[in-house]
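Each chain, letter by letter, is given below.
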Amino acid sequence: MANVIKLRKGLDIHLVGAAKGEKTVLPASAEYALVPDAFVGVKPKVVVKEGDVVKAGDALFVNKQQPEVKFASPVSGVISAVERGDRRKVLSVRVKADAEQQYADFGKKTVATMSGAEVVSAICEAGLFGYVNQLPYAVVANPQDAPKAIFVSALRDMPLACDFEVELKGNEEAFQTGLSALAKVAKTYLGVGAKQTAPALLEAKDVEVNVFDGKCPAGNVGVQVNNVDPVNKGEVVWTVDPTAVIFIGRLLNEGKVDLTRTVAVAGAEVKEPKYVDVKVGAPVADVLAGQLDTEEGKRVINGNPLTGVLARNNSFVGPRTSEITVIPEGDHADEMLGWILPRCKQFSTSRSYFSWLCGKKEYNLDARIKGGERHMIMSGEYDKVLPMDIYGEYLIKAIIAGDIDRQEALGIYEVSPEDFAVAEFVDSSKLELQKIVRQGLDILRKENA
């Protein structure tokens, strides 16, 4: 019987343009790319060069600090470019894809007979360990660490997020194999939503299932860790995206690396919001082909509107990208006398507009910040939407002040930047909370190295 955990804090933001319907498969792209910056905390060392022939699953780069952590090519083909930026920073490794895909053979495995060390070794060898993160620091995990627990959240509740139950359909066997494999390494917790009904989630074997009944960000794995088994100083937990669990299951069941994932193409500016199956590393432009009349006046986001990043012309589907969203930029919005109008089409968390009477209405919000950065107001705004046992506002102040001792006392080891996404949305001070938390975690990690 699953445990039910009720969370009273949070905020659901309903936006126009959520993906609907069954999954569709997009045509294969001519070129794919793996972007090292998408794997937080990794210092890449490229192990291929232009002109090399690779199979799907072959390593494109490794982590300098842990060379056993490899990063697999999503497709077979020829290395078309190793793109570098300032000071020779690796920006991407690109592969011109073969018409007929070839896969590196890692051998099928029987999870029941494997040890935890063998599971970790198999994942590292196939270039999939980079999809395993850790708390503290919210970075790619170290395979040498012994985690006290592993957390998987199958609940995605950010605005316009991809419903994992859609992706799970047809991948139930691989998902269960991945869970069973992770359970060999450490006690594994699976977090699901109160409205999710898939038997593969609620009746998952070898793991402890926790049902989270609450508003966004209840689906954040950091929130679930905080409410189930908090991280103390000196402890490590691993966190794994549910799609990565499917990747691991496919590897063990089929002996090959298949990085096909389901992505929600969503947003008010998308012609036909839908779910598509693409491989990690596919160009975002290919995913949005035919979906936009023009990019002028539109914000294309690699991810969801709260935690995603701005998609450039050369952006690619990331290892943890579960949605590509497009919302209005808002540059030409006309709000003359807007402050004295009822503003029923505007969203407000403080009941400043009459829109709060409209129930679960879907809003067409744009990308404007609507105000400049100002002094931090200690008004309890963060606490209302942060379902964690921490003092969010005091933690942010401690990070800004650089007070490491106070950061540790206030629970910085338990948080990741995405946990503050909703707090950033409601913040009247217009602070970039996720960026502040990321900088604080990076400094703390460097100090404790």
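Residues numbered from 1 in each chain as written. Predicted model: local features only at pLDDT ≥ 70, side-chain atom pairs only at ≥ 80, totals over all residues. Heavy atoms only, no water.

Which parts of the structure should I look at to understand the packing of helix α1 (residues 116–125) against helix α3 (residues 172–185)?
Pairs of packed helices are described in terms of their axes, by the angle between the two and the distance that separates them. At a minimum axis separation of 7 Å, α1 and α3 run at an interaxial angle of 125 degrees. For the element pair α1 / α3, the angle class is oblique. Considering how the two elements wind past one another, α1 and α3 form a crossing that is left-handed. Here G116, V119 and V120 of α1 lie close against α3, whose contacting residues are A181, K184 and V185. (Axes fitted to C-alpha atoms, helices over the stretch in contact; angles between N-to-C directions. Helix = DSSP H or I, 4+ residues; strand = E, 2+ residues; numbered from the N terminus. Parallel < 35°, antiparallel > 145°, perpendicular 65-115°, else oblique. Left-handed = near helix turned anticlockwise from the far one by under 90°. Contact = heavy atoms within 4.5 Å.)

Where do I start with the packing of aromatic side chains in this structure?
Each pair of aromatic rings is reported with the distance of its centres and the angle of its planes. Here the structure, examined in full by the defined rule, presents 12 aromatic pairs. Judged by centre distance (5.7 Å) and plane angle (85 degrees), the ring pair of Y131 and F247 falls under edge-to-face. Taken together, the residues Y131 in the loop between α1 and β10 (132–135) and F247 in helix α6 (residues 242–254) connect sequence positions 116 residues apart. The two residues Y131 and F247 agree in class, both being buried. Judged by centre distance (6.2 Å) and plane angle (75 degrees), the rings of Y137 and Y413 are edge-to-face. Highlighted residues: Y137 in the loop between β10 and β11 (139–140) and Y413 in the loop between α10 (404–409) and α11 (421–426), separated in sequence by 276 residues. Exposure remark for Y413: the relative accessible area of 6% places this residue in the buried category. Over the face of the ring belonging to Y103 we find K256, whose NZ or CZ atom lies 4.3 Å from the ring centre. (Phe/Tyr/Trp six-rings, centres within 6.5 Å; stacked < 30°, edge-to-face > 60°. Buried < 20%, exposed > 50% of the residue type's maximum accessible area, 1.4 Å probe, protein only. Lys NZ or Arg CZ within 6 Å of the ring centre and 35° of its normal.)

Mind showing me how you'd approach a positive patch on the surface here?
Taken together, the side chains of K43, K45, K64, R84, R88 and K446 make up a positively charged region of the molecular surface. Take R88: it is sitting in the loop between β8 (77–84) and β9 (90–97). (Patch = residues over 30% accessible without salt bridge, like charges linked within 9 Å, V, L, I, M, F, W, Y side chains within 5 Å. Areas by Shrake-Rupley, 256 points an atom, 1.4 Å probe, with all protein chains shown as cover. Salt bridge = Lys/Arg side-chain N within 4 Å of Asp/Glu carboxyl O. Lys, Arg positive; Asp, Glu negative; His and termini not counted. Charge placed at Lys NZ, Arg CZ, Asp CG, Glu CD.)

In this structure, what is going on with the environment of A56? I would like to understand it.
With respect to the element layout, A56 can be found in the loop between β5 (53–54) and β6 (59–63). Overall, the relative accessible area of 0% leaves A56 in the buried class. Sequence separation between A56 and G371 is 315 residues, and the spatial gap between their C-alpha atoms is 47 Å. In this structure, A56 is in contact with S73, P74, V75, S76, Q101, Q102, Y103, A104 and V257, ignoring residues within four places of it in sequence.

What's the story with the side chain of S153 in this structure? I'm lost.
Mapped onto the fold, S153 is located in strand β12 (residues 149–153). The exposure class assigned to S153 is buried, which follows from its relative accessible area of 7%. Here L155 takes part through its backbone oxygen, which lies 3.4 Å from a polar atom of the side chain of S153. Looking at S153, its side chain comes within polar contact range of the main-chain oxygen of G219, at 2.6 Å. (Polar contact = N/O pair within 3.5 Å; in protein donor to acceptor, adjacent residues only side chain to side chain.)

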